[in-house]
Each structure stands twice: as structure tokens, then as C-alpha cells.
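# Inside the fold
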Amino acid sequence: ESRQTAKIRPHSVQLYSREMHCEGGALIVRVHSELYIALCGVRQAKGLVERDLQSGMVIEFSPSTHVEYTGGKGFEPSSLSEIFRFNAMVAKMAKVHKGSKLVFCAGQELQSQVQLAFLIGCHMIMTHGLGFEEAYLAFRPLYDLFERASSDEMSVEKSMRAFCCAKCLNWIDFGQHMDSSSSDHPICMDECNHYASMINGSILRIIPGKFLIFDAPDPSVPAGKFYQDDNGRRRFAPGFYADLLHHLGVRLVLRLGAADYDPAPFARRGIRVCGAEDVECVSGSTCGAAGPEEALGEGAFDRFS
């Protein structure tokens, strides 16, 4: 860790080779190449860009347009779909405005600032090929913000490390097109976005070919129907999920909630349904398939701790 010894102006400092421009509580941090994050309003950011960076594009970031804003104060990682959309947007802007400095303005709300930093960090990992340590170190001036927004269960550091781990394990590939012919393929984003949609089942694929999560089927859907729309929400019948999960190669459904739905459609598709308390089923001794721990691989989730 070395500091620059060159003479610098009072409002600009060098920290771990990352530029910081400060004035009146406003802060702009250079995190990678031509990428900057501004912790202030658009007007202040434009003033700092004009004075210190000479040129650059100021892009206003709004949680309501880029992420599913929860309105809370704590950090919640963006979904894979949100990360994909943000990554594609930044990559397109960098290509169209080649050589220009891109300054993303997060405003003054803590959650917006931290959410933007996380998305930029994921972009650096996915598109620029940075490892976790290098990407996370780029945000060192913002560590205090990360700590204030994080909890013991959820933090920017853990989430960014998990995303980088998934990329290194080839679990996700932002450049791949939909292809369900092989369960060994990484998660491709057009397929992920399709199945994650509320109108297509809200299925989230966590580990390609091994582990996914979905909402419990609704037993109130009328017989003969796969789904029913009610007050802006689509509810799916067991038969819908049975057919879809069979297509995705699922052999075991572990029921964690209290929903009481008919498992017969799953059985007809060769899918075993059991509860978490069903030790024999979970261990795989009676269902003729590997149990969750074996299917996920030893220590699979430990990689994310």
C-alpha cells in the first residue's frame, strides 16, 4: 500500500491509487479506469467533474429505475437480473462514449449509494475481469458506508464475494444465450430473466443443474388450469410447476413452507416432494437420488461465507 508523493491540491487526495475529489461534503471516487461514483446530487457532481476531471458524463442513479427499491435502510443485494441490466447499460455507454469518464451519481441516501457501489463492483468483476479483492479494495473510501448499511447476515463484502465466486465457478455467464439442452451450462441471463418473471413461475436458478428455488404452488387454482391471475399476482397450480421442473431436470422438491398442495402432479413426473423434517428423503436413502448436500457438492455454500 503506497501513497502518491506528488504535490496535490487540498481538495484532491490520492488513496491506494484511487482518486478522490471532495468539496462541501460532496465526494467523487475513481473506482476503475474511467468509472467514478459520486456521493452527492447531480448539480454538485457536475461541478466537481467540470473542475477536477475537465470532462465526463454524469449519470443519475435512481433505485426506482435500476433496482427493486425496498425503502429500508439496510443493504440488500441486487438480483442477478438487476446486475445484468446494469452491467449491460454501463458496457453500452462505455462503448458509445469510448474514452469518456462515466460518473454515476448516487445522491445522498445511504441505500442508494451502497446499492450503486455494489452494482458497479459487480460490473467490474463481470466485464473487466477483476477478482474480489481488487474490486472491493477500489471502494475502500466507502467502507464506512458499507458498514453502516450492512448487518451480520448481509453485507456488501459478502455479496460481492459471492458474486465473484459464482463467476469464477462458471455458474453465471452474461454473454450466453438461452439453451436448456444441458444442465451443466452456466446460468444464462435470458433464460434466468424468463423463468424469474412473475408471469413465468418466479423460479430462481441458484446453482446451474443443481439447485433452484420457487414459490410454493397454490392449491386454490381451479382444476384444469395451470395458473390464475388475482389482484395483479399470478398464482400457479402444482401441475404447472411439475411440468416445468421436469423440463429443467428436477428430481427432488424440498418443501420448506407450510403450503399444503397436492404432490401427485410431481409424482407423475418422477419428482419426489418431501418436507425438511423428512430425514430419509433429504438424505437420499429412499428417493433414489442424491440428497441436497451431495447434489450441491461438499461445502458448496461455505464458498459464500
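This section reports on the structure supplied with the text. (Residues numbered from 1 in each chain as written. Predicted model: local features only at pLDDT ≥ 70, side-chain atom pairs only at ≥ 80, totals over all residues. Heavy atoms only, no water.)

Counting 44 residues, the largest nonpolar core has Ile 120, Phe 139 and Leu 142 as the members making the most contacts within it. Among the secondary structure elements, those contributing two or more residues to this core are strand 3 (26-32), strand 4 (35-38), helix 3 (80-96), strand 6 (102-105), helix 4 (110-127), helix 5 (132-137), helix 6 (143-149) and helix 7 (156-168). Among the elements that take part in this core, helix 4 stands out by supplying ten residues, more than any other. Among all residues touching Leu 142, those that are not within four sequence positions of it are Leu 27, Val 29, Ile 37, Leu 39 and Ala 117. Phe 236, Leu 244, Leu 248 and Val 253 belong to the second-largest nonpolar core, a separate cluster that totals 16 residues. (Core = buried A, V, L, I, M, F, W, Y, C linked by side-chain atoms within 4.5 Å. Buried < 20%, exposed > 50% of the residue type's maximum accessible area, 1.4 Å probe, protein only. Helix = DSSP H or I, 4+ residues; strand = E, 2+ residues; numbered from the N terminus. Contact = heavy atoms within 4.5 Å.)

Moving on: the packing of aromatic side chains. In this description, an aromatic ring pair is defined by two values, namely the gap between the centres and the angle between the planes. A complete count under the given rule lists 14 aromatic pairs for this structure. Between Phe 214 and Tyr 241, the aromatic rings sit 4.8 Å apart at their centres with planes inclined by 40°, giving tilted as the arrangement. Taken together, the residues span a long stretch of sequence, with Phe 214 in the loop between strand 10 (211-213) and strand 11 (227-230) and Tyr 241 in helix 9 (residues 238-247) at a distance of 27 residues. Look at Phe 214 and you get partly exposed, because its relative accessible area is 21%. Note on Tyr 241: relative accessible area 2%, which makes it buried. Ring plane angle 50° and centroid distance 6.0 Å describe the contact between Tyr 261 and Phe 266, whose orientation is recorded as tilted. These aromatic residues form a ring-pair network of at least three members: Phe 132, Tyr 136, Phe 139, Tyr 143 and Phe 146. (Phe/Tyr/Trp six-rings, centres within 6.5 Å; stacked < 30°, edge-to-face > 60°.)

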